[in-house]
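As a plain string of letters, each chain reads:
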Amino acid sequence: MKNTVFFLSLLFVLVSCKRDTKTTSKNTHSKSQKAEFSIVIHGGAGMMKKDNFSPEKQKAYKEKLEEAIRVGYDILNDGGTSLDAVQKTINILEDSPLFNAGKGAVFTNEGTNEHDASIMDGKTLNAGASAGTKTVKNPINLARAIMNKSPHVMLAREGAETFAKEQGLDIVRPAYFYTEKSMKALERVKASENKKTTSLYDETLKASKFGTVGCAALDKHGNLAAGTSTGGMTNKRWGRIGDSPLIGAGTYANNNTCAVSSTGWGEYFIRGMVAYDISALMAYKNLSLKEAAKEVIQNKLPSLDNGQGNGGIIAVDSYGNVAMEFNTSGMFRATMNDKGELYVGIFKN
Ligand code: ASP
């Protein structure tokens, strides 16, 4: 009996050691490659055909992505915080009519622009989010102000706008957000809705191309942050809110795992709790960032409603490893490492 107990204890110790070794070796490998800082952005994912993108159009998108990421890179390189890098990088994309955020936001069914945004601090797990605002020029600034200056995590619609005014944020007339391309997209969706040729969401999908913007960063202090800003989906109605302002779905950051920003068909990203799920797979299953992102975007999301969960994520882990995973034919994306090496992409390679 004594021998059996001794033998079982020995076996237990051996198995535990083996498990520890495995965990350590995975993390040690990453630690040995730990970057000083790292940044990654997206400008939305979608069914993008190369043929529909003229070289000039591709150039315009790539230049804006590069301009934006260089702003964040400079902040990080100078020792600034990941939160500042995320916010200021997103500001550039929000001010561009090319993306579905800020200036270039898509139209609702009523012909208005309603913005959603969120930001999260991986060090404190503090977060801020705004939903359905119509007059705040840079919704990511509102999300940050909600995180820092209010006792709440999420504010919506008129209340959020009142708070934005009180905080002295830039307020614009709704007409500021008008772009012809977004209006044309709404008209296309409405026309197909009337003809009932394809499902509303098929058309919405094609039209909106999910031009949401997002950023995730690791700073020199070892802190992660992520943020997301969007106009939502073309032809949305009934006060629809997507995943972008939802912490855990559209945005998540935790210094122990990773920082994530999502883009895609929001309803599926909410049901899949995508951003948090990637972090959870890393925390509880010890997957690497790349493995976790792949599992969620290529397996778990498409398993909902026969593969309707279209979209992608960008993410960075606490070692500066980056993931840019998407299950669509394209995702506007860019990343820069601490050596200043830049990658910008649109289509699947
Ligand atoms: N996820 C956003 C939403 O559903 C759309 C997008 O990513 O472009 O509101």
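Analysis parameters
- Residues numbered from 1 in each chain as written.
- Predicted model: local features only at pLDDT ≥ 70, side-chain atom pairs only at ≥ 80, totals over all residues.
- Heavy atoms only, no water.
- Helix = DSSP H or I, 4+ residues; strand = E, 2+ residues; numbered from the N terminus.
- Contact = heavy atoms within 4.5 Å.
- Buried < 20%, exposed > 50% of the residue type's maximum accessible area, 1.4 Å probe, protein only.
- Pairing = 2+ DSSP bridges.
- Near = heavy atom within 4 Å.
- Polar contact = N/O pair within 3.5 Å; in protein donor to acceptor, adjacent residues only side chain to side chain.
- Areas by Shrake-Rupley, 256 points an atom, 1.4 Å probe, with all protein chains shown as cover.

Engineer: With reference to specific residues and values, describe unusual backbone geometry.
Structural biologist: Phi angles above zero are rare outside glycine, and Asn286 is one such case at about 60°. Mapped onto the secondary structure, Asn286 falls in the loop between helix 9 (274–285) and helix 10 (289–300).

Engineer: A description of the environment of Asp170 should follow, citing residues and the corresponding values.
Structural biologist: Its location among the elements puts Asp170 in the loop between helix 5 (157–166) and helix 6 (180–195). Once residues lying within four places of it in the same chain are set aside, the contact partners of Asp170 are Thr135, Val136 and Lys137.

Engineer: Report on the pairing of strand 10 (residues 322–326), specifying residues and quantitative values.
Structural biologist: With four of five residues buried, strand 10 is to be regarded as a mostly interior element. Of the strand pairs in this sheet, strand 9 (residues 311–317) and strand 10 are connected by five bridges, and their pairing is antiparallel. Bridge pairing in strand 10 links Val316 to Val322. The loop that links strand 9 with its antiparallel partner strand 10 comprises four residues; one of these, Gly320, has a positive phi angle of about 90°.

Engineer: Account for the site of the ligand, naming residues and giving values.
Structural biologist: Neighbouring the ligand are 13 residues; Thr212, Arg240, Asp243, Thr263 and Gly264 lie closest to it. A distance of 2.6 Å is found between a nitrogen atom of the ligand and a side-chain nitrogen or oxygen belonging to Asp243. Separating an oxygen atom of the ligand from a backbone N or O atom of Gly266 is a distance of 2.9 Å. Considered on its own, the ligand offers 270 Å² of accessible surface; in the complex 100% of this is hidden by protein.

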